[in-house]
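Single-letter residue listing:
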Amino acid sequence: MNDQNGYELLDSGNGRKLERFGSVVLARPASQAVWQPSLPPEAWRRAHASFDREDGNRWFGRNELPEHWILDESGIRFHLASTDFGHLGIFPEQRAQWRWMRETIRKAKSLRPADAPMRVLNLFAYSGGSSLASAQGGASVTHLDASRGMVDWAAENAALNHLSTIRWIVDDATKFLHRELRRGKRYEGIILDPPTFGRGERGEMFKIERDLPEIMQLCRRLLSDDPLFLLLSAHTPGCSPQVLANVAAQSLAGLDGSFESGEMLLTGAPNVFPLPSGTYVRWYR
């Protein structure tokens, strides 16, 4: 049974998705949903609000939404709010990853000496789901995003979850990684979910097809002598599971461990088609 305070995919099709975020139901674009919806049109019309990008970014019924509300998902509490770009402050396709990293960290901590470090770096960290899950597992987390507004949002989520072992950084990812290397910093776990395209507050430009190989090489050098995992995910068309697996295998060559890759999915009841929403690869000890 789905948690009524959590997330649920209700339906998808015709390039749209119908989702429930707690008590709030929304219809938003999903270009990969090329099939027909399963629910009748009246079920979609009952959504509290909808968003589309056909003539620019537009909400319909946005004034019917709460200014913000709280979602409980995968053991993490999130502040949600509608943004001008149609985002809400959560990417629920990552929830399987949150559960995985929390349990992976907990298990590793139980097997390592009590004073062994468990440091996790989360790059392009958005509103902090992966940072919060890692902190819940017992890690000391460095959370980095180029947007001060998103870092502030993530810090609010950390407070909501009573987590205080997170260091907040507003910076360009590549510049920060170079500085961490010069400082001799190392991490047992690294998480990155790079955008297709991004721009920092000081005009720094990121393009995934150009910059991902360098970012991954820097991450490899930042892993400690006793690393636990590296998780790379992407929402970029063309970044298939195999593409990410190839990039990770090349960057992490020589490390003992296992690789897993696949699609991230939005899911609901058993009769609801899972909706692919990005890809991932993870290496772990």
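Keep in mind that what you see is a predicted model, and the values were worked out from it rather than measured.

(A) Fine view of empty space enclosed by the protein. Enumeration according to the criterion identifies two cavities of 30 Å³ or more in this entry. By volume, the largest cavity is sized at about 170 Å³. Along the walls of the largest cavity sit 19 residues, with Gln 94, Trp 98, Ala 125, Tyr 126 and Ser 130 positioned nearest its centre. For the lining of the largest cavity, the secondary-structure elements that each account for two or more residues are strand 8 (119–123), helix 3 (129–137) and strand 14 (229–234).

(B) Structural view of the pattern of salt bridges. Considering all chains together, one arrives at 17 salt bridges under this definition. Here Asp 171 makes a salt bridge to Arg 179, at a shortest N to O gap of 1.8 Å. Given a relative accessible area of 27%, Arg 179 falls into the partly exposed group. With a shortest N-O distance of 2.6 Å, Glu 180 and Arg 183 are connected by a salt bridge. In this pair, Glu 180 and Arg 183 both sit in helix 5 (residues 173–183), three residues apart, roughly one turn of the helix.

(C) Broad picture of the side chain of Arg 20. Looking at the element boundaries, Arg 20 is found in strand 2 (residues 16–21). Residue class for Arg 20 comes out buried when judged on its relative accessible area of 7%. A polar side-chain atom of Arg 20 sits 2.9 Å from the main-chain carbonyl oxygen of Gln 4. Reaching out from Arg 20, the side chain makes a polar contact with the backbone oxygen of Gly 6 at a distance of 3.4 Å.

(D) Spotlight on the nonpolar core. With 42 residues, the main nonpolar core has Phe 21, Leu 26, Met 101 and Phe 229 as its most contacted residues. By residue number, the principal contributor to this core is helix 2 (residues 95–111), which donates five residues. Setting aside residues up to four positions removed in sequence, Phe 21 forms contacts with Gly 6, Tyr 7, Leu 26, Arg 28, Trp 69, Leu 71, Leu 80, Leu 88, Ile 90 and Pro 92. One finds Leu 212, Met 216, Leu 223 and Trp 283 within the second-largest nonpolar core, a separate group that totals 33 residues.

(E) View of helix 3. With eight of nine residues buried, helix 3 is to be regarded as a mostly interior element. Considered for burial, the residues of helix 3 that qualify are Gly 129, Ser 130, Ser 131, Leu 132, Ala 133, Ser 134, Ala 135 and Gly 137. Gly 138 sits one or two residues past helix 3 and shows a positive phi near 110 degrees.

(F) Highlighting the pairing of strand 7 (residues 76–80). Counting buried residues in strand 7 gives four out of five residues, a clear majority hidden from the surface. Here five bridges tie strand 6 (residues 69–73) to strand 7, and the two strands are oriented antiparallel to one another. The residue of strand 7 that forms the bridge with Trp 69 is Leu 80. Linking strand 6 to strand 7, which pair antiparallel, is a turn of two residues; within it Ser 74 sits at a positive phi near 55 degrees.

(G) Region of interest: the environment of Ser 233. Within the secondary structure, Ser 233 sits in strand 14. Other than its neighbours up to four places away in sequence, Ser 233 contacts Gln 94, Leu 192, Asp 193, Pro 194, Leu 244, Met 264, Thr 279 and Tyr 280. Within the structure, the side chain of Ser 233 is placed 2.8 Å from the side chain of Asp 193, a separation counted as a polar contact.

(H) Examining the sheet that holds strand 3 (residues 24–29) more closely. Taken together, the five strands give an open sheet; going across it, the order is 1-2-3-4-5, and neighbouring strands pair in mixed fashion. The sheet is open, and its two edges are formed by strand 1 (7–13) and strand 5 (58–60), each paired on a single side. With direction set aside, neighbouring strand axes in the sheet form an average angle of 20 degrees. The pairing of strand 3 with strand 4 (residues 49–52) spans two bridges and is parallel. Paired with Leu 26 across the strands is Ala 49, a residue of strand 4.

(I) Region of the structure containing the environment of Ala 116. Its place among the elements puts Ala 116 in the loop between helix 2 and strand 8. Accessibility expressed as a relative area gives 25% for Ala 116, which makes it partly exposed. Through-space distance from the C-alpha of Ala 116 to that of Asp 226 is 9.7 Å; in sequence the pair is 110 residues apart.

Criteria and thresholds
- Residues numbered from 1 in each chain as written.
- Predicted model: local features only at pLDDT ≥ 70, side-chain atom pairs only at ≥ 80, totals over all residues.
- Heavy atoms only, no water.
- 1 Å grid on protein atoms, 1.4 Å probe; cavity = no way out; pocket = protein on both sides within 12 Å on 5 of 7 lines; lining within 4 Å.
- Points joined across faces, edges and corners; volume = space filled by probe spheres on them.
- Helix = DSSP H or I, 4+ residues; strand = E, 2+ residues; numbered from the N terminus.
- Salt bridge = Lys/Arg side-chain N within 4 Å of Asp/Glu carboxyl O.
- Buried < 20%, exposed > 50% of the residue type's maximum accessible area, 1.4 Å probe, protein only.
- Polar contact = N/O pair within 3.5 Å; in protein donor to acceptor, adjacent residues only side chain to side chain.
- Core = buried A, V, L, I, M, F, W, Y, C linked by side-chain atoms within 4.5 Å.
- Contact = heavy atoms within 4.5 Å.
- Pairing = 2+ DSSP bridges.
- Axes fitted to C-alpha atoms, helices over the stretch in contact; angles between N-to-C directions.

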